[in-house]
Structures are given as C-alpha cells and as structure tokens.
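Geometric and topological summary
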Amino acid sequence: MTPVQLDLKKLLGFKIIANEANPKPQQATLGAKLGSKEGIKNNVSLQTRISAKIGDKIGRKLIWV
Amino acid sequence: MRLSLADSLEYIAKQAAGKLIFEFSALEPLISGIRSGERYPCTTFAIYAEIVLSICNGNQDLAVPLLQEMVQEQPLEQPWRVLSIDHPVHEKNMARYLRFMNNESDTKFYMGPPSADLVARFGQRVMAGYRLLASAAPELAAEFDELVSDVIMVVGDDKAKYQFDGGSSYLLWGGLFLNATSYDTEVAMAEVMAHESAHILLYACAADEALVENPDEELFASPLRRDLRPMDGIYHATFVSARMHWAMAQLIRSGLLDDAALAAAEVAQLEDVKNFWAGHEVVNRQGQLTRTGSQVMQAALSYMESVR
C-alpha cells in the first residue's frame, strides 16, 4: 500500500501541533507522539474537559480535569 | 470548525486518492453538505480525527473502514439534539466516546446509560434550561445553538471518588456529555449550558493556535482544584467562570426567576467571581499566552472588570 502523506498544517485539530515553535518533548515527532502506547495523548489540540465533583462533601465546587 | 472540517476531508481525499482502496467521491455529498450549512454530529469530527490518526500512525489500512463509516454520517435535522448515550445513534459510538472523554487524565470516568425515567425527566429539564437561557440570555442561547450538536445524557459511577458532572472533548467537537443525575434546577441547567459550551468555544478558538505555551508538564496551583494543574486547564477554567457569570447576570436581570432561583443564581454568580479572579491571577502571573490566548482572555477580563 502506498503511504499517504498528510501535512498536519492543513488539518483541523492537528495544525497547532505542526505550528508549535518549540514542540514539547513528547511532541518532537508526530510519530513518537501519536504512536505511543497510550494512543491519543494529552495535548493542547487533543484535549478533554471534564467537570466533576470530588465525592459529595464538597458540594457544588467544580473541578476541571 | 465545520468549514475547516470540510477542507480537511477534501485534503485527505486528495492526498489518499489512489493510495487507499476507497471511492473518495463518496465523501463529496458530506463535504458539500457541510459547506452549505448542514450540521453534522460530534461523531463526524471524531471519525475524522481517527482517520488522521490512523494514517499518521502508519495504520492507514484502518482508515478505510473509518472512511466508510464517515460516508454514513447524516446531518442533523435540528441545530442540536438531546439523547441518551444508549440511544441507537450514540450506542454504536459508546466505545469511541469513552476513549476520547478519558484521553487526558489518569482519572477514568465511567459513563453509562441513564434509566428511561431519568432520560425523560432530564431531557425535559435540558429543554427548560435552554428556554430560560433563550429568554434571559438570547445571545448566549444563540451561541449554544452554534456550538453544540449533541447533548448526550449519561450517568456516572455513584461509588467513584470523582463524580462525573459533564464534559466535552476537542475531538468530539459539538458533543456535550451531561450527568443526568445532576443539574436539578433550570438555573443549574442554564449555567452548565453556558459552562460546557464555553469549553467548546475555546476549542474552536484554539483551532489554529494554542491558547497558552506553557508545557503541559508544568503544573501550577489551581484555585479550582486541590491538585496542581497545567496552565491550559487553569486558562479554560478562568474563561469559563467569566462566561458562567455572564449567564447568571443575565438570568438575575431578566425578572424571570422566582425567589429560590434568584438566590441560587446569585450564589452561583458570587462563586464565578471568586473563581475567575483567582484563576486570572495564576494566568496573569505565570501564563505564557499566545496572541490568540491573550485576545480571548482579554475579552473575558474586560467583561469581569466591567462588573467588578
């Protein structure tokens, strides 16, 4: 199968990885980053925001994971 | 975001034509549909991300079934919909949702289906909260319409230390997961709609440039958490607090709230003030904001200063 070449700068959600002036160590190469055993890693472009309560005693206080 | 998705899909089709065993012309109706204003669900963004990741991971054979799945995506009939995670349109995506929603933290959240009774009651409450928002804060409700495609009802593990309340993921753009056992008033519902849609707005703001340049490994004391957090999380929380305040202020001014609801909105607003300024102090002192990050935070700061 012929490899498909993708320029990340042209791809929604991935261009900021490519645009980083100083890639973080784990982003130094996309292959290293995306090929990690953990799969999709935490990244400013690959992020999740969770609101949760810690137990029941803290009441309304929200956290952002 | 939606137009960028169409452009990205078109680019993938161009690059992969003749290299993957797939008839890329099958994507054209979806691409032209997005460009003409059709709204696709959050799964369309997720499948797209999985296609890119499979190709970039050197597993491009996995991209073909994903492309076939993408072709099956259907536009929404309304701007957004409220459905349980075990509804047929979501059930087949449950593993995908859990994968994306649990991608960031060491803390893993269970998201399961609510009971039918809970789905009925919570669905009604979502619509009541939205109607309140639309009456009291029409601009915010209109933004919610633009940003959100799916409100997905879930329940968490009630024995877990961390109780999932709600969340969103960049790669499920437009998807908003809410715990159907939470938000038992219209004010709370309106507030969470403002809150979660603000995260989705920030994801869109960060499509071309990150909001902060601080490394993810660099952790700071968060006014909103017991543990240390990356600057990006503190930035999000700070901005979101301003947006929640904005929502509460409009509800309070609307004259639509009864005494109990008014009191709840005022309590929430006070907490939003405290959270914003505590978060802003950390961002202002230690945040390495990009140009985009500075512009977005300046808008929130200007608002909060205007109501100080």
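In this text the structure is predicted, and so the values were computed from the model without any measurement. (Residues numbered from 1 in each chain as written. Chains lettered and ligands numbered in written order. Predicted model: local features only at pLDDT ≥ 70, side-chain atom pairs only at ≥ 80, totals over all residues. Heavy atoms only, no water.)

A closer look at the overall build of chain B
When helices and strands are tallied, chain B shows 12 helices and 6 strands. In terms of overall dimensions, chain B is globule-like: its C-alpha atoms have a radius of gyration of 20 Å, near the 19 Å expected for 308 residues. In terms of overall dimensions, chain B has a C-alpha envelope of 60 × 45 × 40 Å along the principal axes. Of the contacts formed within chain B by residues at least 6 apart in sequence, a portion of 76% connects residues at least 24 apart. Accessible area for chain B stands at about 12800 Å²; split by element, carbon and sulfur atoms hold 51% of it. (Helix = DSSP H or I, 4+ residues; strand = E, 2+ residues; numbered from the N terminus. Rg over C-alpha atoms; globule rule 2.2 N^0.38 Å. Contact = heavy atoms within 4.5 Å. Areas by Shrake-Rupley, 256 points an atom, 1.4 Å probe, with all protein chains shown as cover.)

Considering the nonpolar core
Formed by 116 residues in total, the largest nonpolar core has its most connected members in A:Leu11, B:Tyr48, B:Ile51, B:Trp80, B:Phe177 and B:Leu251. The biggest single contributor to this core is helix α10 (residues 231–254) of chain B, with 12 residues. Setting aside chain neighbours within four positions, we find B:Leu251 in contact with B:Leu132, B:Leu133, B:Ala136, B:Val187, B:Ala190 and B:Leu257. (Core = buried A, V, L, I, M, F, W, Y, C linked by side-chain atoms within 4.5 Å. Buried < 20%, exposed > 50% of the residue type's maximum accessible area, 1.4 Å probe, protein only.)

Digging into unusual backbone geometry
Peptide bonds are trans in most cases, and residues, glycine excluded, mostly fall at negative phi. Residue and element names in this part refer to chain B. Phi is positive for Tyr183, close to 60°, though the residue is something other than glycine. The topology assignment puts Tyr183 in the loop between β4 (175–179) and α9 (186–205). For Tyr183, a relative accessible area of 12% gives the class buried.

Focus on the confidence of the model for chain A
Detailed conclusions should not be drawn from predicted coordinates in areas where pLDDT is low. Residue and element names in this part refer to chain A. On average, chain A scores 52 in pLDDT, and the residues at 70 or more come to 23%. Segment residues 21–46: pLDDT under 50, and 52 contacts once partners within four positions in sequence are set aside and those in other chains are kept. Scored below 50 in pLDDT, residues 54–65 makes 48 contacts in the model with residues more than four places away or belonging to other chains. (pLDDT = per-residue confidence, 0-100.)

A word on the packing of aromatic side chains
Aromatic rings in a pair are described by how distant their centres are and how their planes are angled relative to each other. Residues and elements named next belong to chain B. All chains considered together, the criterion is met by 8 aromatic pairs over all chains. A centroid spacing of 5.1 Å and a plane angle of 70° characterise the contact between Trp80 and Tyr130, whose relative ring orientation is edge-to-face. Of this pair, Trp80 sits in the loop between α4 (63–71) and β1 (81–84) while Tyr130 sits in helix α7 (residues 116–136), and the two are 50 residues apart along the sequence. Residues Phe276 and Trp277 carry aromatic rings whose centres are separated by 5.0 Å and whose planes lie at 85° to one another, so their mutual orientation is edge-to-face. (Phe/Tyr/Trp six-rings, centres within 6.5 Å; stacked < 30°, edge-to-face > 60°.)

A few points about the side chain of B:Arg39
All names here are of chain B. Within the fold, Arg39 resides in the loop between α2 (28–35) and α3 (42–56). Glu146 provides the closest opposite charge to the buried, salt-bridge-free Arg39, at an N-O distance of 4.1 Å. A polar atom in the side chain of Arg39 sits 2.6 Å from the backbone oxygen of Asp145. In this structure, Arg39 is in contact with Arg2, Pro75, Leu76, Pro79, Asp145, Glu146, Val148 and Ser149, ignoring residues within four places of it in sequence. (Lys, Arg positive; Asp, Glu negative; His and termini not counted. Salt bridge = Lys/Arg side-chain N within 4 Å of Asp/Glu carboxyl O. Polar contact = N/O pair within 3.5 Å; in protein donor to acceptor, adjacent residues only side chain to side chain.)

A few points about the confidence of the model for chain B
Per-residue pLDDT for chain B has a mean of 91; in total, 97% of the residues score no lower than 70. Interface confidence in the predicted complex, given as ipTM, is 0.82; pTM for the same model is 0.87.

Looking at the pattern of salt bridges
Residues and elements named next belong to chain B. On inspection of all chains with the given rule, the structure shows 9 salt bridges over all chains. A salt bridge links Arg81 to Asp150; the shortest N-O distance between them is 2.5 Å. Placement of the pair is Arg81 in strand β1 and Asp150 in strand β2 (residues 150–154), with a sequence separation of 69 residues. Here Asp150 falls in the buried class, since its relative accessible area comes to 0%. Among the ionic pairs, Glu143 bridges to Arg243, the shortest N-O distance being 2.7 Å. With Glu143 in helix α8 (residues 138–147) and Arg243 in helix α10, this residue pair connects regions lying 100 residues apart in the sequence. Linked through salt bridges whose partners overlap, the residues forming this network are Glu50, Glu69, Arg96 and Arg99.

Things to note about the packing of α10(B) against helix α12 (residues 291–306) of chain B
Residue and element names in this part refer to chain B. At a minimum axis separation of 10 Å, α10 and α12 run at an interaxial angle of 35°. Crossing hand, α10 versus α12: left-handed. Only Thr292, Gly293, Val296, Met297, Ala300, Tyr303 and Met304 of α12 make contact with α10, whose side of the interface consists of Tyr235, Thr238, Phe239, Ala242, His245, Trp246 and Ala249. Here the residues of the contact of α10 with α12 are counted per class, giving 10 nonpolar, 4 polar and no charged. (Axes fitted to C-alpha atoms, helices over the stretch in contact; angles between N-to-C directions. Left-handed = near helix turned anticlockwise from the far one by under 90°. Nonpolar A, V, L, I, M, F, W, Y, C, P; charged D, E, K, R; others polar.)

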